[in-house]
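Below are the chains, spelled out letter by letter.
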Amino acid sequence: TNVRLWKARASKPVGTQAARADRKMQYLQALQKRYQHMPELRRLVSTPSRKVPKLIRKQRMIRAVQDESKKRKLENRRRHTAPERWEAPPPEKR
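In this report, we go over the structure that sits alongside the text. Keep in mind the model is a prediction, meaning the values are calculated, not measured.

## Looking at the overall build of the protein
Here comes step 1: Counting its regular elements, the protein contains three helices and zero strands.
Here comes step 2: Going from the N terminus to the C terminus, the protein shows its helices and strands as α-α-α.
Here comes step 3: For the protein, buried positions account for 1% of its 94 residues.
Here comes step 4: As displayed, the protein offers around 10000 Å² of accessible surface, 54% of which is attributable to carbon and sulfur atoms.

Shown next as structure tokens:
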């Protein structure tokens, strides 16, 4: 019968490993843990480096631009309104 197998670490091979390969994997994990604060490694370790569909990536980018322009517009309105006339808009719910 076919058995479907899910692994906790997708890159880790199924089955037994040679002792040398096992030591190498342990060493790499120790390095990742030791240098996890560094920006280069944080980017590799924390976020899974998988392909995100183009549509989703584009939507995220558009959403980020929209949010940034909303903030900028609100800040400009606040800056160019007299302090006694300014009342902050209510926070948005998402």
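## Here's the deal with the pattern of salt bridges
Here comes step 1: A complete count under the given rule lists three salt bridges for this structure.
Here comes step 2: Across the pair Asp67 and Arg63 runs a salt bridge, and its minimum N-O distance is 3.6 Å. Placement of the pair is Asp67 and Arg63 together in helix α3 (residues 54-79), with a separation of four residues, close to one helical turn.
Here comes step 3: Here Arg63 falls in the partly exposed class, since its relative accessible area comes to 40%.
Here comes step 4: Measuring nitrogen to oxygen at the nearest pair gives 2.4 Å for the salt bridge that ties Arg78 to Glu75.

Parameters and conventions
Residues numbered from 1 in each chain as written. Predicted model: local features only at pLDDT ≥ 70, side-chain atom pairs only at ≥ 80, totals over all residues. Heavy atoms only, no water. Helix = DSSP H or I, 4+ residues; strand = E, 2+ residues; numbered from the N terminus. Buried < 20%, exposed > 50% of the residue type's maximum accessible area, 1.4 Å probe, protein only. Areas by Shrake-Rupley, 256 points an atom, 1.4 Å probe, with all protein chains shown as cover. Salt bridge = Lys/Arg side-chain N within 4 Å of Asp/Glu carboxyl O.

In short, geometric facts, not functional conclusions.
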